[in-house]
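Chain and residue survey
Single-letter residue listing:
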Amino acid sequence: MFRPDLRGKPVVVLSNNDGFIVSRTREAKALGIPDLAAYFQVEDLLRKHDVAVFSSNYPLYGDLSARVMTTLKSFSPNVEVYSIDEMFLDLDGIRTDLSTIGHDIKDTLWSHIRIPVGVGIAPTKVLSKLANRAAKAIPKANGVCVLDSPFKQQWLMQRMPVIKVWGIAKRLAIRLEAMNIKTAWDLANANPKIVRRCTSVCVERIIQELNGIPCLELEDEPGAKKQIYCTRSFEHKTTDLQPILNAISLYAARAAEKLRQQSHLVRTIHVFLHTSPFAPGYFDKAITVQLPYPTDDTRIITQQAKSAIAALYQPGHLFVKAGIGLIELLDKKFHQHDFWQQPQSAGNNSLMQVVDRINQRHGKGKIFLAAQGMSTPWAMRQCHRSPEYTTKWTDIPCVSA
DNA sequence: TCTGGGGTCCTAGGACCC
DNA sequence: TCTGGGGTCCTAGGACCC
């Protein structure tokens, strides 16, 4: 959208920390750049072919995603935002020709936002994911695929390896292969009960869905998270405890912030610390901690996370990553207090509210616990970050006369 | 030098209850 | 000779998604 000069050129996007390649344009794929390759391993190849490289920029993607979703919502009252770049729309009962709607959706998004999309329409979620794949892969489809007849479904499924089916990945594909199930069509025609016995109920549902029998509902209410994690690799590996304590304090604060956003309390946390799995002598330890009482207070969660890290830490290892998970959550509204235990005081609540409000108004991390430290040795590597064109005053593009 | 950061659901097995 | 039948909850690990 903001770099039309790159249209038709090879472009790749890197994971957090510029770790590896998570997204490629068609042109980059054609150059033989593999998916999920470690960046440093293909850097020369990228340079040789003059591939444009971008670090992940979630504020930008999140904002553009929200625009797309808002536009999509005008096409159906029932929608599920499935991920940052996918949405399911319930078209049940809509009388217009489905192919017309598909093209309308696609054209509207292009003209309003300049985001190209693929549209797949089918009786179930699994089939619509298949249709979406076809919409993008088959040039003649022109970005829209409607799987409205058994014949079309069969044609597509016979050409689709089973591993491309939504919900089937490497391990399941291996097991299915052993049962002589190689394509989506084979799976659709397999006996659901027998397959279930060798795999799980998930695969049984997929089989039903492939046959046009809905098993997966549209989840229009996103619902509160059941677990909240904050984990990061460090920019620089470290053998010292102090920078790790600072880092885990930051992660704990981030996680607590998310926790308060959904009005939950946490009772149990999970803290881990590890070295590089690619280096010899891999060290990976984790600890689960029961908090003294359910809380959403950053200070308490931070304290507990720090003690956990201190307990896990052993000198002599080169650590690359740590993280915290809030794993047992309670709805604040329905929290049953313990007669014998101190609950979180009202003062804590107000304090956290003030902290959140300041950070919302004046920018993330404006006010924080000293435990995080003043330097940021854990910062992310992002050498090729694009501007935040739509969410940062200084990055807004200028139009010159 | 260098390999992400989130999540969900399911299952098996253990431990326990009456 | 012979040892039931029906449950729950918890946890670790596996598998998948983006």
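Up top you'll find the structure we're talking about.
Residues numbered from 1 in each chain as written. Chains lettered and ligands numbered in written order. Predicted model: local features only at pLDDT ≥ 70, side-chain atom pairs only at ≥ 80, totals over all residues. Heavy atoms only, no water.

**Focus: the side chain of Gln262**
Basically, it comes down to this: By the criteria applied, helices consist of DSSP H or I runs no shorter than four residues and strands consist of E runs no shorter than two, each listed in order from the N terminus. Think of it in three bands: with a 1.4 Å probe and only protein chains considered, a residue is buried below 20% of the maximum accessible area for its type, exposed above 50%, and partly exposed in between. Any two residues whose heavy atoms approach within 4.5 Å at even a single point are treated as in contact.
In this fold, Gln262 is placed in the loop between α11 (241–261) and β9 (264–275). Gln262 gets classed as buried once you look at its relative accessible area, which sits at 17%. In contact with Gln262, other than residues within four places in its own chain, are Ala224, Lys225, Ile228 and Leu329.

**What about a positive patch on the surface?**
Keep this limit in mind: Like-charged residues within 9 Å of one another, or nonpolar side chains (Val, Leu, Ile, Met, Phe, Trp, Tyr) within 5 Å, are grouped into patches, provided each residue has over 30% relative accessible area and no salt bridge. Each accessible area is a Shrake-Rupley estimate made with a 1.4 Å probe; only the visible protein chains count as cover when residues are assessed. Here, a salt bridge means any side-chain nitrogen of Lys or Arg that lies within 4 Å of a carboxyl oxygen of Asp or Glu. When charges are counted, neither His nor the chain ends are considered; positive counts come from Lys and Arg and negative counts from Asp and Glu. A single reference atom marks each charge: NZ on Lys, CZ on Arg, CG on Asp, CD on Glu.
A grouping of Arg26, Lys29, Arg133, Lys136 and Lys164 is seen on the molecular surface, where their side chains present a positively charged patch. When contributions to the positive patch are tallied by element, the ones reaching two or more residues are α1 (26–30) and α5 (125–137). Take Lys164: it is sitting in the loop between α6 (150–158) and α7 (170–178). Residue Lys164 is classed as partly exposed on the basis of its relative accessible area of 37%.

**Describing the pairing of strand β5 (residues 86–89)**
Which entries qualify depends on this criterion: Any two strands between which DSSP finds at least two bridges are classified as paired.
Pairing of strand β4 (residues 79–83) with β5, which is carried by 4 bridges, proceeds in the antiparallel orientation. Looking at β5, one finds that Ser83 is bridged to Glu86.

**What about the sheet that holds strand β11 (residues 319–331)?**
Just so we agree on the cut-off: Convention adopted: a line fitted to C-alpha atoms gives each axis, helices being fitted over their contacting stretch, and angles between N-to-C directions are expressed from 0 to 180 degrees.
Taken together, 4 strands build an open sheet; the order of strands is β8-β11-β9-β10 and the sheet is antiparallel. Both outer strands of the open sheet, β8 (228–238) and β10 (284–295), are each paired with one neighbouring strand and no more. Put simply, the sheet's adjacent strands are angled 15 degrees from each other on average, direction ignored. Bridge count between β8 and β11: 7 bridges; the pairing is antiparallel. Note on β11: the bridge partner recorded for Thr238 is Phe319.

**With respect to the packing of helix α3 (residues 58–73) against helix α4 (residues 98–113)**
What counts here: Convention used here: angles under 35 degrees read as roughly parallel, angles over 145 as roughly antiparallel, angles from 65 to 115 as roughly perpendicular, and any remaining angle as oblique. Helix crossings are classified by the rotation of the near helix relative to the far one: an anticlockwise turn of less than a right angle makes the crossing left-handed, while a clockwise turn makes it right-handed. Residues are sorted three ways: Asp, Glu, Lys and Arg are charged, Ala, Val, Leu, Ile, Met, Phe, Trp, Tyr, Cys and Pro are nonpolar, and all the rest, Gly among them, are polar.
Put simply, α3 and α4 touch, their axes get as near as 10 Å, and they point 135 degrees apart. Looking at the two axes, α3 sits oblique to α4. Every pair of crossing elements has a handedness; the one defined by α3 and α4 is right-handed. Residues Arg67, Val68, Thr71 and Leu72 of α3 form the contact with α4, whose participating residues are Ile105, Thr108, Leu109, His112 and Ile113. Residues that form the contact of α3 with α4 fall into these classes: 5 nonpolar, 3 polar and 1 charged.

**So, the protein's contact with DNA strand B**
We count it as follows: Any residue with a heavy atom lying within 4 Å of a molecule or strand is counted as near it. N or O atoms within 3.5 Å of each other form a polar contact, as long as, within protein, one can give a hydrogen and the other can take it, and as long as residues adjacent in sequence are counted only when both atoms are side-chain atoms.
Neighbouring DNA strand B are 23 residues; Tyr229, Thr231, Arg232, Ser233 and Lys237 lie closest to it. By atom count, sugar and phosphate contribute 72% of the portion of DNA strand B lying within 4 Å of the protein. Val201 has a polar backbone atom sitting 3.3 Å from a phosphate oxygen of DNA strand B. Among the secondary structure elements, those contributing two or more residues to the surface near DNA strand B are α10 (201–210) and β8. The biggest single contributor to the surface near DNA strand B is β8, with 7 residues. Within the surface near DNA strand B, the residues separate by chemical class into 8 nonpolar, 7 polar and 8 charged.

**Here's the deal with a nonpolar patch on the surface**
On the surface, Phe20, Val22 and Leu36 cluster together to form a nonpolar patch covering roughly 260 Å² of accessible area. Within the secondary structure layout, Phe20 lies in the loop between β1 (11–14) and β2 (21–24). By relative accessible area, Phe20 is classed as partly exposed at 36%.

**Observations regarding the environment of Lys9**
Relative to the helices and strands, Lys9 is located in the segment before β1. The sequence separation of Lys9 and Phe151 amounts to 142 residues, and the corresponding C-alpha distance is 37 Å. The residues touching Lys9, leaving out its near neighbours within four places in the chain, are Thr25 and Glu27.

**Some words on the sheet that holds β1**
What holds strands together in a sheet is hydrogen bonding between their backbones, with the strands either parallel or antiparallel. An order of β2-β1-β3 is seen for the 3 strands of this open sheet, with the pairing classed as mixed. The sheet is open, and its two edges are formed by β2 and β3 (52–54), each paired on a single side. When the angles between neighbouring strand axes are averaged without regard to direction, this sheet yields 25 degrees. Pairing between β1 and β3: 3 bridges, direction parallel. From the neighbouring strand, Val12 faces β3, where its bridge partner is Val53.

**Examining the pattern of salt bridges**
For the structure shown, the criterion picks out 13 salt bridges. The salt bridge partner of Arg47 is Asp44, with a shortest N-O separation of 3.2 Å. On the criterion of helical spacing, the pair formed by Arg47 and Asp44 is a turn pair, its members being 3 residues apart in helix α2 (residues 39–48). This pair shows no difference in class: Arg47 is exposed, exactly as Asp44 is. Its salt-bridge partner being Asp356, residue Arg260 comes within 2.7 Å of it at the nearest N-O pair. On the criterion of sequence distance, the pair formed by Arg260 in helix α11 and Asp356 in helix α13 (residues 346–362) is long-range, its members being 96 residues apart.

That is the geometry; function is a separate question.
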